[in-house]
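Structural overview for review
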Amino acid sequence: MLTAVLVPESLDAARAALADEARPLAGGTYLMPRLNDHATPPTRLVSLRRVGLDGIAVTADTVSIGATTTLARIEDDERLAVLHSCIRSIAARPVRTLATVAGNLFVRQPYGDLAVALLALGADVEIRGGAGPRTLPLDRMLSAGLAADELVTGVRFDRPAVFRYHKAGRRRFNSASIVTVAAVLSVADGVVHDARVALGGLAPRPLRCEPAERALVGRPLDEASVRAAAHAADPLIEPVDDAYASAWYRRRVFPVHLRRALLGH
Amino acid sequence: MPSQIVTLTVNGSPQELIAHPSTTLLRALRENLGLTGTKRGCAQGACGTCTVLLDGEPVVSCLVPVVTVDGAEVTTVEGLADADGGLSPLQQAFLDNFAQQCGFCTPGMLMTSCALLRRTPAPTRDEVDEGLSGNVCRCTGYEPIVAAVLDAAGRTSAEVGS
C-alpha cells in the first residue's frame, strides 16, 4: 500500500525525503508491478521524475547519461547508436518511455540488460550521498551496493571502438533475458588486444567475466578462442530457473550465444 | 499522506481530480474521470492494454502514480476520434481490417499504433511487429491488427492520431 508519493524538484530535496524511510521511484517499471500486485506493507516513495537528473552529453570520447534519462530518449538519440540494439531488446516502447538508466542498474536478473551493456562498456557510476559526490566503477557498485543515503545521479563511459551485444529471449521482441552477452573488443592484426565481456541472465546480477577476457586476449578472434572463453566462464556463471528458461538450459546454450555475440554467427 | 489535487489535460480538456498516493494514471482516468476506454489488464506493465499517450509518448498507465505526472497532457482512446465522433484513419483501418474480436486490447493497440505511426509514418511489417510487441491480444492472432496498422499508414499517415 502506497502511503505517500513525494515529487521533489531537486536532488537535495529528494535525498532529504528519502531519509524518511522512503524508497526512490524512477520509471516505476520494476517497482510499480510489485506494488500493484502484492499486499505490500505501507510504503513511501520519492519520485525522481522532477529532480533534474535527465540528460545526455556526448563528446568525441565520452558519453554521460543522467540517472533518470529514459530508455526511449536513448533510443531516439542518434549519437547513442552504440546502445540502440541493447535498448530495443528491452521491453517495448510504452515501457521504455518510463524506464530509466539508473533504474536498470537495480532491477533483478533476468532484467537489466542495459546494466550488462554498461558493464562491458566499463561505465562509471556517479553517486551523490551525504559525504558529497563520488564515482564508482559499475561492477563495484553492483557488488557493493549504495549506502542508504546515496542516489545514482548518472553514468559515464568511453565510446568504444567495437561493441558487441547479443540477447537471447523467449521471442524476437520484448522478452526478459535467457542469455545476454555484451563485449568491448580491441582487435589489431587479427589478435585480440583487449576485451571486456559482461553477461546477463546467467547470475543473480550482471556479471563481468574476466576469465573469458583472459582467454581471448593475445589470441585470434575465432571459434577456438571463443570456445575457450566460454569454457573459462563456466565456473563463474550461476544461472537460475525461472519462467523464461531453466538454469540447465541457460548454461547449455551460453557458449552458442557467446559465439554469436563475438563472431556474429 | 492525504490525497492531493492533480491537474491534467486529458484529450485537450483541463481536468482536476483528487488522487490518493496509490492512484495510478490508469485508475484516475477510469474512476475519477470516467474514461473507461482505457482498460486494466495485468497491472504489471506487461500486456499494454492500458497504454495512453503521456505528453505525446506511449506509456503503460498502470505503472504511473498519477501524482508524479501533475500538469501532464494525456491522450486516451476517447481522444482519437474527431469532435463529431468521426473515426480517425487509424480507427477506421482497425474497423475495415476486422482488427478486433473481443475488443479488450483494442484501446491499447490503437494508442501504441498511433504513437508508432507518429514516429515512423511508413513502417515496415517488421517495424509494426516490433512496435506492437508490448501489446497482447488473445483473440486475433495479431495478423489483422498488423494489417490495419500498415493499412492506416498507407491511407493518410499525416492524419493518423490527429
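Residues numbered from 1 in each chain as written. Chains lettered and ligands numbered in written order. Predicted model: local features only at pLDDT ≥ 70, side-chain atom pairs only at ≥ 80, totals over all residues. Heavy atoms only, no water.

Let us now look at helix H1 (residues 25–32) of chain B. All names here are of chain B. Considered for burial, the residues of H1 that qualify are Leu-25, Leu-26, Ala-28 and Leu-29. Those residues of H1 hidden inside the fold are in contact with strand S1 (4–10), strand S2 (13–19), strand S3 (51–54) and strand S5 (73–75). Following H1 by one or two positions, Gly-34 adopts a phi angle in the positive range, close to 70 degrees. (Buried < 20%, exposed > 50% of the residue type's maximum accessible area, 1.4 Å probe, protein only. Helix = DSSP H or I, 4+ residues; strand = E, 2+ residues; numbered from the N terminus. Contact = heavy atoms within 4.5 Å.)

Before going further, it helps to spend a moment on the domain arrangement of chain B. It is common to report an interface's size as the accessible area lost on association of the parts. Residue and element names in this part refer to chain B. Splitting chain B by domain gives domain 1 (4–79) and domain 2 (89–156). Averaged C-alpha coordinates put domain 1 and domain 2 at centres separated by 21 Å. Contacts between the two partners involve 16 residues from domain 1, matched on the other side by 14 residues from domain 2. For the pair domain 1 and domain 2, the number of links is 0 salt bridges. In this assembly, domain 1 and domain 2 are joined by 4 residue pairs in polar contact (both at pLDDT 80 or more). No other element matches the 3 residues that S3 contributes to the side of domain 1 that touches domain 2. Its residues assigned to classes, the side of domain 1 that touches domain 2 shows 6 nonpolar, 8 polar and 2 charged. (Domains from an automatic or database assignment. Salt bridge = Lys/Arg side-chain N within 4 Å of Asp/Glu carboxyl O. Polar contact = N/O pair within 3.5 Å; in protein donor to acceptor, adjacent residues only side chain to side chain. Nonpolar A, V, L, I, M, F, W, Y, C, P; charged D, E, K, R; others polar.)

A word on the side chain of B:Glu130. Its location among the elements puts B:Glu130 in helix H4 (residues 125–131). Residue B:Glu130 is classed as buried on the basis of its relative accessible area, which comes to 14%.

What follows is about empty space enclosed by the protein. By the definition in use, this model includes 2 cavities of 30 Å³ or more. By volume, the largest cavity amounts to about 60 Å³. As for the largest cavity, its lining consists of A:Leu25, A:Ala26, A:Gly27, A:Gly28, A:Ser47, A:Arg49, A:Leu98, B:Leu63, B:Val64, B:Pro65 and B:Thr68. Split by residue class, the lining of the largest cavity holds 6 nonpolar, 4 polar and 1 charged. Reported here for the second largest cavity is a volume of approximately 30 Å³. Lining the second largest cavity we find A:Gln109, A:Pro110, A:Gly201, A:Leu202, A:Ala203, A:Pro239, A:Val240, A:Asp242 and A:Arg250. Grouping the amino acids of the lining of the second largest cavity by side-chain chemistry returns 5 nonpolar, 2 polar and 2 charged. (1 Å grid on protein atoms, 1.4 Å probe; cavity = no way out; pocket = protein on both sides within 12 Å on 5 of 7 lines; lining within 4 Å. Points joined across faces, edges and corners; volume = space filled by probe spheres on them.)

The step from A:Gln109 to A:Pro110 runs through a cis peptide bond, and the omega angle for that step is 15 degrees. Inspection of the secondary structure puts A:Pro110 in the loop between helix H6 (101–106) and helix H7 (113–120). With a phi angle near 50 degrees, B:Asn11 is a residue other than glycine that sits in the positive phi range. Tracing the sequence through the fold places B:Asn11 in the loop between S1 and S2. Overall, the relative accessible area of 27% leaves B:Asn11 in the partly exposed class.

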